[in-house]
Amino acid sequence: MIDLHCHILAGIDDGARDLDEAVALCQMAVADGIRHMTATPHIHPGRWENRRSSIEPVFQQLRQRLAQEQLPLSLAMAGEVRLSAEVLALFAEGELPFLGQLDGRQVMLLELPHGSIPPGSDKLAKWLIERNILPIIAHPERNKAVVADIDKLLPFLEMGCLTQLTAMSVSGRFGEGAEHTAHAILAQDWATIVASDAHNTGSRPPILSEAYNVVAERYGPERAERLFVRNPAAIAGIELDA
Ligand SMILES: [Fe+2]
């Protein structure tokens, strides 16, 4: 499986605290059947002041350490970009990191606030698309406005935005609201990928297998392969064995 949303870089957000914890997260992911992770630290102006160029050296540090540990895991870096006016400046400075490409567009993990969909969110998404950046909306099933009404996602879907569900929502470990909403989104076939959004080895682990099995059982093995393997591989530019 391929995990395109996780907080495994050491000491730059609320994910891994140090390099040892980062390595422990990677080991746990490999044991769960994950073979590629794209690290996506928070880029949240005013809270987590990360940007592409500041994430890069921390990413290289983990990459080197993983090579020493000889862990069979490929690693890439991007970021989880919080919806904010600063996105415009980060774009202008070439500091937005991307998960990869799809149909010639750069794919960017975009996080909405948890409590609402602020007015203007769709405008920012449109602004990005006009600049050839396709937002993939991080865990919409945990956004209160979407929990109340999944049709709130429609304006984003209609302009072509992708969506990422969090594995623990799908498996019911994020409470009933997130679980119910995740499955409503899956029932509509609106999800593009499922990712771990791992932060630590305890309450937010890099585990995808449990949600994979839930999806395979409820929507069929084909869908599980699409959401956990094929779609994330296509975005990250990973070649799959035939
Ligand atoms: Fe996240």
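Colleague: Help me understand the environment of Gln61, please; the structure alone is not making it clear to me.
Modeller: Structurally, the position occupied by Gln61 is in helix 2 (residues 52-69). For the pair Gln61 and Arg226, spaced 165 residues apart in sequence, the C-alpha separation works out to 31 Å.

Colleague: Where do I start with the sheet that holds strand 1 (residues 2-6) in this structure?
Modeller: Sheet strands pair by backbone hydrogen bonding; their relative direction is either parallel or antiparallel. Here we have 3 strands laid out as an open sheet, ordered 1-2-4, and parallel in their pairing. Edge strands, defined here as strands with exactly one partner in the open sheet, are strand 1 and strand 4 (74-77). Mean inter-strand twist for the sheet, computed between neighbouring axes without regard to direction, equals 20 degrees. Direction of pairing for strand 1 relative to strand 2 (residues 36-39): parallel, over a ladder of 3 bridges. Bridge pairing links Asp3 to Met37 in strand 2. Helix 2 rests against strand 2 and strand 4 of the sheet, and its axis sits at about 175 degrees to strand 4. Of the strands in this sheet, strand 1, strand 2 and strand 4 touch helix 10 (residues 221-236), which is tilted by about 70 degrees from strand 1.

Colleague: Mind showing me how you'd approach helix 9 (residues 209-219) here?
Modeller: Count 3.6 residues to each turn of an α-helix, and residues three or four apart come out pointing the same way. Within the span of helix 9, buried status applies to Ala211, Tyr212, Val214 and Val215. Projected down its long axis, helix 9 shows its buried positions confined to an angular sector of 165 degrees, all on one face. The elements touched by buried residues of helix 9 are helix 7 (167-170), helix 8 (176-187), strand 10 (193-195) and helix 10. Gly220 sits one or two positions beyond helix 9 and adopts a positive phi of about 100 degrees.

Colleague: Sorry if this is basic, but what is going on with the packing of helix 9 against helix 10 here?
Modeller: For any two helices packed against each other, the geometry comes down to the angle between their axes and how far apart the axes lie. Between helix 9 and helix 10, the shortest axis-to-axis distance is 6 Å and the interhelical angle comes to 140 degrees. By the angle between their directions, the pair helix 9 and helix 10 is classed as oblique. For the pair helix 9 and helix 10, the sense of crossing is right-handed. Contacts between helix 9 and helix 10 pair Tyr212, Val215, Ala216 and Tyr219 from the former with Pro221, Arg223, Ala224, Leu227 and Phe228 from the latter. For the contact of helix 9 with helix 10, a count of residues per class yields 8 nonpolar, no polar and 1 charged.

So, how was this worked out
- Residues numbered from 1 in each chain as written.
- Predicted model: local features only at pLDDT ≥ 70, side-chain atom pairs only at ≥ 80, totals over all residues.
- Helix = DSSP H or I, 4+ residues; strand = E, 2+ residues; numbered from the N terminus.
- Pairing = 2+ DSSP bridges.
- Axes fitted to C-alpha atoms, helices over the stretch in contact; angles between N-to-C directions.
- Contact = placed C-beta atoms within 7 Å.
- Buried ≥ 20, exposed ≤ 12 C-beta atoms within 10 Å, placed from the backbone.
- Arc of directions from axis to C-beta.
- Parallel < 35°, antiparallel > 145°, perpendicular 65-115°, else oblique.
- Left-handed = near helix turned anticlockwise from the far one by under 90°.
- Nonpolar A, V, L, I, M, F, W, Y, C, P; charged D, E, K, R; others polar.

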